[in-house]
Amino acid sequence: MLYQDTVESEVLVHQPWFIASVFAVMLAVLLMFNLAGTTMGELMRPVIGNPLESGLYGRFAIAFVIAVVFCLNLILIGFVTLKVQVGIVWFELLILFLFFVESFNLSLPFIWKNLPFLITQGAVTTLYVSAISLIFASLIAIFGAIAKLSSNGFAYAIASFYTSFFRGLPLLMQIYLIYLGLPQLGIVMDAVPSGILALSLCAGAYMTEIFRAGIQSIDRGQWEASRSLGFGFGLTMRKIIMPQALPVIIPPMGNSFISMLKDSSLVSVLGVWELTFLARTLGQETFNHMEMLIAVAIIYWILSICLELIQSRIERYYARSKVR
């Protein structure tokens, strides 16, 4: 909710009907899977005996215990504050994720050996390609949004054709068209510039609509009032329109950057030494594919979390006028 509700209401997770419904759904879902061969089956060995020979009884007992623990967890976290609830759930999900990763029997020495190279080469290249692409995409989006809001038919036609074309093609195809197609026209580009150009054009098409929607969210009277005061187009956009449009633009723009960070993995098809390319090549040498894939997945996740935190701080800065 945008503002905290001042109307007192009963906590949903403390309602018997809700807990009973969650328990029934959890039990039904868990019974669909045979968890006897998992760690939970070994923990239940004193009750069900040999998990692999326990049959339907063991399957039901394991599902019943997990459903009970899940429901008790829901009830208990309902007594703490929202921030504590978020922290507890994040911690529990992280533990489950670590158990999931541990089930692959990964070679940790192999991961630690290659982790510095993944960070210094792969992560740095990924951030470099993404950041440069974001800068160019933002510039394209600003001009594209202005063109789409213009009364000039020629400018509007070019901008609308650009957004339609680059939003209508898969990003991977755009990368191939630029890297393999331009040389036939006499324009030879290396892999990294080709990847940056493709990411910039693709992201710029989406961000054009973001900027257009943000600018259009400002009341027309703001524009007319600034123009009546003698402000030029550039000064009006810079001092009046954009400062008010940024709170609307920043959330989807931040999402676009996070998406671009992950889409940059597609430039690995050009041989760029970013995270995905290194995960594939390093794992292929010794057939430790899962080690490298999971390590790179965690790096992507950490980078995305950092960007989410930066985005939230920027959002709070521009939304400070709405805080009561």
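Computed from a predicted model, the values in this text were never measured in an experiment.

Draft legend 1. Summary view of the overall build of the protein. Assigned secondary structure in the protein consists of 13 helices and zero strands. Counting from the amino terminus, helix and strand elements in the protein follow one another as α-α-α-α-α-α-α-α-α-α-α-α-α. Taking 2.2 N^0.38 as the reference for a compact globule, 324 residues should give roughly 20 Å; the C-alpha atoms of the protein span a radius of gyration of 26 Å, well beyond that estimate. Taken along its principal axes, the extent of the C-alpha atoms in the protein is 80 × 60 × 30 Å. Counting all 324 residues of the protein, 34% fall into the buried class. For the protein, the share of sequence-separated contacts (at least 6 apart) that also reach a separation of at least 24 residues comes to 73%. With the model as given, the accessible surface of the protein reaches about 20,100 Å², and the carbon-plus-sulfur share is 69%. For the protein, the distance from the average position of its 18 positive side-chain charges to the average position of its 17 negative side-chain charges is 13 Å.

Draft legend 2. Spatial organisation of a nonpolar patch on the surface. A surface patch of nonpolar side chains, about 620 Å² in accessible area, is lined by Leu82, Val86, Trp90, Leu94, Leu98 and Trp301. Of note, Leu82 is situated in helix α5 (residues 82–102).

Draft legend 3. Inspection of helix α11 (residues 233–263) at higher detail. For α11, with 31 residues, the first-to-last C-alpha span of 35 Å runs short of the 45 Å given by 1.5 Å per residue. Of all bends in α11, the biggest is about 50°, found at Met242, and the proline Pro243 comes one to four residues later.

Draft legend 4. Expanded view of the packing of aromatic side chains. Evaluated as defined, the whole model comprises 10 aromatic pairs. Seen from their ring centres, Phe100 and Phe104 are 5.2 Å apart, and the 90° between their planes marks the pair as edge-to-face. Given the relative accessible area of 48%, Phe100 is considered partly exposed. Judged by its relative accessible area of 34%, Phe104 falls in the partly exposed class. Both rings, one in Phe117 and one in Trp273, keep their centres 6.1 Å apart while their planes meet at 80°; by these two values the pair is edge-to-face. With Phe117 in helix α6 (residues 108–148) and Trp273 in the loop between α11 and α12 (275–286), this residue pair connects regions lying 156 residues apart in the sequence. According to the relative accessible area criterion, Trp273 is partly exposed, its value standing at 45%.

Draft legend 5. Structural context of the nonpolar core. One finds Leu118, Met207, Phe211, Leu275 and Met292 to be the most contacted residues of the largest nonpolar core, which totals 55 residues. Only α6, α7 (153–168), α8 (171–181), α9 (191–216), α11, α12 and α13 (289–318) provide two or more residues apiece to this core. Top contributing element to this core by residue count: α9, with 12 residues. Counting six residues, the second largest nonpolar core, distinct from the first, contains Ile19, Val22, Leu74 and Ile77.

Draft legend 6. Expanded view of the pattern of salt bridges. What the rule picks out here adds up to four salt bridges. Between Lys148 and Glu209 there is a salt bridge whose closest N-O contact spans 2.7 Å. Linking Lys148 in helix α6 with Glu209 in helix α9, this pair joins segments that are 61 residues apart in sequence. Of the residues examined, Lys148 reaches a relative accessible area of 16% and is grouped as buried. Notably, a salt bridge pairs Arg212 with Glu209, separated by 2.8 Å at the nearest N-O pair. Here Glu209 and Arg212 lie together in helix α9, a separation of three residues that amounts to about one turn. Since its relative accessible area comes to 13%, Glu209 is described here as buried. Each of the salt bridges in this network shares a partner with another, and the network as a whole consists of Lys148, Glu209 and Arg212.

Draft legend 7. Expanded view of unusual backbone geometry. Even without a glycine there, the phi angle at Asn105 is positive, about 55°. Positive phi, normally seen in glycine, also occurs at Phe287, with a value near 60°. Along the chain, the position of Phe287 falls in the loop between α12 and α13.

What counts and how
- Residues numbered from 1 in each chain as written.
- Predicted model: local features only at pLDDT ≥ 70, side-chain atom pairs only at ≥ 80, totals over all residues.
- Heavy atoms only, no water.
- Helix = DSSP H or I, 4+ residues; strand = E, 2+ residues; numbered from the N terminus.
- Rg over C-alpha atoms; globule rule 2.2 N^0.38 Å.
- Buried < 20%, exposed > 50% of the residue type's maximum accessible area, 1.4 Å probe, protein only.
- Contact = heavy atoms within 4.5 Å.
- Areas by Shrake-Rupley, 256 points an atom, 1.4 Å probe, with all protein chains shown as cover.
- Lys, Arg positive; Asp, Glu negative; His and termini not counted.
- Charge placed at Lys NZ, Arg CZ, Asp CG, Glu CD.
- Patch = residues over 30% accessible without salt bridge, like charges linked within 9 Å, V, L, I, M, F, W, Y side chains within 5 Å.
- Salt bridge = Lys/Arg side-chain N within 4 Å of Asp/Glu carboxyl O.
- Expected span 1.5 Å × (residues − 1).
- Bend = angle between axes of the 7 residues up to and from the residue.
- Phe/Tyr/Trp six-rings, centres within 6.5 Å; stacked < 30°, edge-to-face > 60°.
- Core = buried A, V, L, I, M, F, W, Y, C linked by side-chain atoms within 4.5 Å.

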